[in-house]
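Residue strings, one per chain:
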Amino acid sequence: MNRLSVALFAALLIAPCDAATAASPAAGDTYVYRVLNGYNHEVRGEITYRVDKVDADRVTVSVTTTTMALGMPYTEVYTKDGNWLRRPLVNHDQLVEYEFSPAYPAYVFPLDVGKSWSLRVTATNPGTGTRNSVRVDGEVRSSEHIQVPAGAFDTFKVMRNTYAGDWESFRRETNVTEIEWYAPAVGRPVRIDSNSGYIDTGQCSHESYACQPVPGDWKVFELMSYGRK
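Residues numbered from 1 in each chain as written. Predicted model: local features only at pLDDT ≥ 70, side-chain atom pairs only at ≥ 80, totals over all residues. Heavy atoms only, no water.

Enquirer: Just to check I follow, could you spell out the overall build of the protein for this structure?
Expert: What the protein contains, in helices and strands, is 1 helix and 12 strands. What you see in the protein, going N to C, is helices and strands ordered as α-β-β-β-β-β-β-β-β-β-β-β-β. Taking 2.2 N^0.38 as the reference for a compact globule, 229 residues should give roughly 17 Å; the C-alpha atoms of the protein span a radius of gyration of 19 Å, in line with that estimate. Judged by the C-alpha coordinates and their principal axes, the protein covers about 65 × 40 × 35 Å. Buried residues in the protein amount to 45% of all 229 residues. By element, 52% of the accessible surface of the protein is carried by carbon and sulfur atoms, the whole surface being about 11900 Å². (Helix = DSSP H or I, 4+ residues; strand = E, 2+ residues; numbered from the N terminus. Rg over C-alpha atoms; globule rule 2.2 N^0.38 Å. Buried < 20%, exposed > 50% of the residue type's maximum accessible area, 1.4 Å probe, protein only. Areas by Shrake-Rupley, 256 points an atom, 1.4 Å probe, with all protein chains shown as cover.)

Enquirer: Looking at this structure, I do not really get the sheet that holds strand β7 (residues 116-124). What am I missing?
Expert: What holds strands together in a sheet is hydrogen bonding between their backbones, with the strands either parallel or antiparallel. With respect to topology, 12 strands assemble into a closed barrel ordered β1-β2-β3-β4-β5-β6-β7-β8-β9-β10-β11-β12, the strand pairing being antiparallel. Averaged over all adjacent pairs, the angle separating strand axes in this sheet is 35°, with direction ignored. Judged from the 7 bridges that link them, strand β1 (residues 29-37) and strand β2 (residues 43-54) form a sheet pairing that is antiparallel. Of the residues in β2, the one forming a bridge with Val35 is Gly45. (Pairing = 2+ DSSP bridges. Axes fitted to C-alpha atoms, helices over the stretch in contact; angles between N-to-C directions.)

Enquirer: Help me out: how do you make sense of the side chain of Asn37 in this one?
Expert: Among the secondary structure elements, Asn37 is positioned in strand β1. From its side chain, Asn37 meets the backbone nitrogen of Tyr39 in a polar contact 2.8 Å long. Ignoring anything within four residues of it in the chain, the contact list for Asn37 reads Glu42, Arg44 and Trp218. (Polar contact = N/O pair within 3.5 Å; in protein donor to acceptor, adjacent residues only side chain to side chain. Contact = heavy atoms within 4.5 Å.)

Enquirer: Where do I start with the packing of aromatic side chains in this structure?
Expert: The geometry of an aromatic ring pair is captured by the separation of the ring centres together with the interplanar angle, meaning the angle of the planes. Scanning the entire structure with this criterion turns up 10 aromatic pairs. With a centroid separation of 4.8 Å and an interplanar angle of 55°, the aromatic rings of Tyr107 and Tyr182 are classed as tilted. Taken together, the positions of Tyr107 in the loop between β6 (94-104) and β7 and Tyr182 in strand β10 (residues 175-183) put the pair 75 residues apart, joining distant regions of the chain. Residues Tyr107 and Tyr182 agree in their burial class; the two are buried. A connected cluster of aromatic rings, assembled from ring pairs, spans Trp84, Tyr98, Phe100 and Tyr104. Taking the ring centre of Trp84 as reference, the NZ or CZ of Arg87 above it sits at 3.9 Å. We note Arg160 situated over the ring of Tyr107; from NZ or CZ to the ring centre the distance is 5.8 Å. (Phe/Tyr/Trp six-rings, centres within 6.5 Å; stacked < 30°, edge-to-face > 60°. Lys NZ or Arg CZ within 6 Å of the ring centre and 35° of its normal.)

Enquirer: So what exactly am I meant to see when it comes to the pattern of salt bridges here?
Expert: Pairs can form between side chains of opposite charge whenever their charged atoms are close. For the structure shown, the criterion picks out 17 salt bridges. The closest approach of N and O atoms between Arg50 and Asp52, which form a salt bridge, is 3.1 Å. Notably, a salt bridge pairs Asp55 with Lys53, separated by 3.9 Å at the nearest N-O pair. Since its relative accessible area comes to 47%, Lys53 is described here as partly exposed. If you follow the salt bridges from partner to partner, you end up with Arg34, Arg191 and Glu222 in one network. (Salt bridge = Lys/Arg side-chain N within 4 Å of Asp/Glu carboxyl O.)

Enquirer: For this particular structure, what's the right way to read the nonpolar core?
Expert: Taken as a class, soluble globular proteins show a tendency for nonpolar side chains to be buried jointly. Counting 43 residues, the largest nonpolar core has Phe100, Leu111 and Val190 as its most contacted members. A total of 5 residues in this core trace back to one element, the largest contributor, which is strand β8 (residues 131-148). Ignoring sequence-local partners within four residues, the contact set of Phe100 consists of Trp84, Leu85, Arg86, Arg87, Leu89, Val121, Thr122 and Ala123. (Core = buried A, V, L, I, M, F, W, Y, C linked by side-chain atoms within 4.5 Å.)

Enquirer: Would you mind going over the confidence of the model for the protein with me for this structure?
Expert: As a note on interpretation, predicted positions should not be read in detail where pLDDT is low. On average, residues of the protein score 90 in pLDDT, and 90% of them reach the 70 mark or higher. Across residues 1-14 the pLDDT falls below 50, and counting only partners more than four positions away or on other chains, this stretch makes 6 contacts in the model. (pLDDT = per-residue confidence, 0-100.)

Enquirer: What exactly am I supposed to notice about unusual backbone geometry here?
Expert: Both trends apply: most residues other than glycine have a negative phi, and most peptide bonds are in trans. Going from Ser101 to Pro102, the amide bond is cis rather than trans, its omega being -10°. Mapped onto the elements, Pro102 comes out in strand β6. Cis peptide bonds are those with omega within 30 degrees of zero, and the linkage from Phe109 to Pro110 qualifies with 0°. If you check the backbone angles, His92 has positive phi at about 50° while not being a glycine. Within the secondary structure layout, His92 lies in the loop between β5 (84-91) and β6. His92 gets classed as buried once you look at its relative accessible area, which sits at 6%. For Asp93, which is not a glycine, the phi torsion comes out positive at approximately 70°. By secondary structure assignment, the location of Asp93 is in the loop between β5 and β6. Residue classification places Asp93 among the partly exposed positions, given a relative accessible area of 37%.

Laid out in structure tokens, this is it:
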């Protein structure tokens, strides 16, 4: 590769990604991920996201898994640029489905390295009506060319810390840390590293007042295949 080619490749890799430049979702688009245990790297199963419907302001996606350990089938709803309108969020190591208003800011476009955001949204549990104030701190850490089972992709590495607002007596709110490698060519992440934890003050040492976080589930998702069916 000559110097000009290297310069062009670098420019493409760090160029801002606008929602308009990312791949647009369409009904039938299907994305299959393998799910690994982040603690020991064992494969836990597969999870499939299928776009069922694309409306003017939202995208409805059905989610299925190959094993009960990864959950029952459910539905997610996104804005056209991939932010969350309805999606599960970890609360004290349990997935709870929420509707977000305004949309949960998984991304703030255009994406470019060094961009950051800190926003609050209201998460409503449609089953109970319970509302949590959720804070999302996001940052585009770098641009990376990565390899996953589905192939090689130019990506933006996005890191998010989410404070779930799920306070309970002795248990403080859950902190969810997610690192996503978002590929504009696919219009979604091709790799996700997600883990969580919270403080249980009932388990703190009263002698030292030291509180160790209670570790939650740690999952790694890697795109295996994608296409339109």
